[in-house]
Amino acid sequence: MSQRPKKLLEQVSDALRRKHYSYRTEKSYVHWIKRFILFHHKRHPKDMGAAEIEAFLTHLAVTEKVSASTQNQALSALLFLYRHVLDQEVGPYALSRKYPNAEREWGWQYVFPSHRISAEPGTGIRRRHHLDPSGLQKAIRQAAKAIGLAKPVGPHTLRHCFATHLLEAGYDIRTVQELLGHKDVKTTMIYTHVMQRGPLGVRSPLDG
């Protein structure tokens, strides 16, 4: 019995794995390619080209107001699709044409750049990218180990501490909700249970 032909996104995943891209990059590229297809009403990418790529990138920048790095990631995903899956070259590149000085403008720079130069996925151009999140995670684990903390500690621990200390300092829960980006205040209320201060945590207005 013959196997069914693989769908386009499955072919993308296979190509990324053959070239040893990370799983995080695979998820990101598949996401952007899927959005590109849906944006153009499910047209097959082989029937589209540079004009459709530019229209999609413009939509991301103007309508969705994504960051420059996010727009660049979407472009890299689409270039990978055309070069390594569809075996097609697409030219003029919208991002390079619209932002010719991007590499020298502050708005396009990473606040926390990597100390290494690496090849950009899809284009092969060597650039300095942002620090990998795993570096921060490793540094926090090492710091926790150095001071003798036995419990697992990560970047998210700092977020929990930040929220708890704000509530202990008397900030209203709606403000904390907004700062943490919680859609539902019930999520923020979890931190009130962590405090466990009970009646002793109540301050009289006269104390202020």
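Because the structure is predicted, anything quoted here is derived from the model rather than measured.

**Observations concerning the overall build of the chain**
Okay, step 1: The helix and strand tally for the chain stands at ten helices and two strands.
Okay, step 2: For the chain, the sequential pattern of α-helices and β-strands runs α-α-α-α-α-β-β-α-α-α-α-α.
Okay, step 3: When the 208 residues of the chain are sorted by exposure, 29% land in the buried category.
Okay, step 4: Excluding contacts between residues fewer than 6 apart, the proportion of contacts in the chain whose partners are at least 24 apart in sequence is 45%.

**Description of the packing of helix H3 (residues 50-62) against helix H4 (residues 68-85)**
Okay, step 1: In the contact formed by H3 and H4, the axes pass within 10 Å of each other and the chain directions differ by 160°. Relative to H4, the element H3 lies roughly antiparallel. Classified by chirality, the crossing of H4 by H3 is right-handed. Contacts between H3 and H4 pair Ile53, Phe56, Leu57, Thr58, Leu60 and Ala61 from the former with Gln71, Ala74, Leu75, Leu78 and Tyr82 from the latter.
Okay, step 2: Looking at the contact of H3 with H4 residue by residue, the classes come out as nine nonpolar, two polar and no charged.

**Some points on the packing of aromatic side chains**
Okay, step 1: Tallying each qualifying case throughout the model produces six aromatic pairs.
Okay, step 2: On the basis of an interplanar angle of 50° and a centroid distance of 6.2 Å, the ring pair of Tyr21 and Tyr29 is categorised as tilted.
Okay, step 3: Overall, the relative accessible area of 22% leaves Tyr21 in the partly exposed class.
Okay, step 4: Aromatic side chains Trp32 and Phe56 sit 6.5 Å apart centroid to centroid with 65° between the ring planes, which places their arrangement in the edge-to-face category.

Thresholds applied
Residues numbered from 1 in each chain as written. Predicted model: local features only at pLDDT ≥ 70, side-chain atom pairs only at ≥ 80, totals over all residues. Heavy atoms only, no water. Helix = DSSP H or I, 4+ residues; strand = E, 2+ residues; numbered from the N terminus. Buried < 20%, exposed > 50% of the residue type's maximum accessible area, 1.4 Å probe, protein only. Contact = heavy atoms within 4.5 Å. Axes fitted to C-alpha atoms, helices over the stretch in contact; angles between N-to-C directions. Parallel < 35°, antiparallel > 145°, perpendicular 65-115°, else oblique. Left-handed = near helix turned anticlockwise from the far one by under 90°. Nonpolar A, V, L, I, M, F, W, Y, C, P; charged D, E, K, R; others polar. Phe/Tyr/Trp six-rings, centres within 6.5 Å; stacked < 30°, edge-to-face > 60°.

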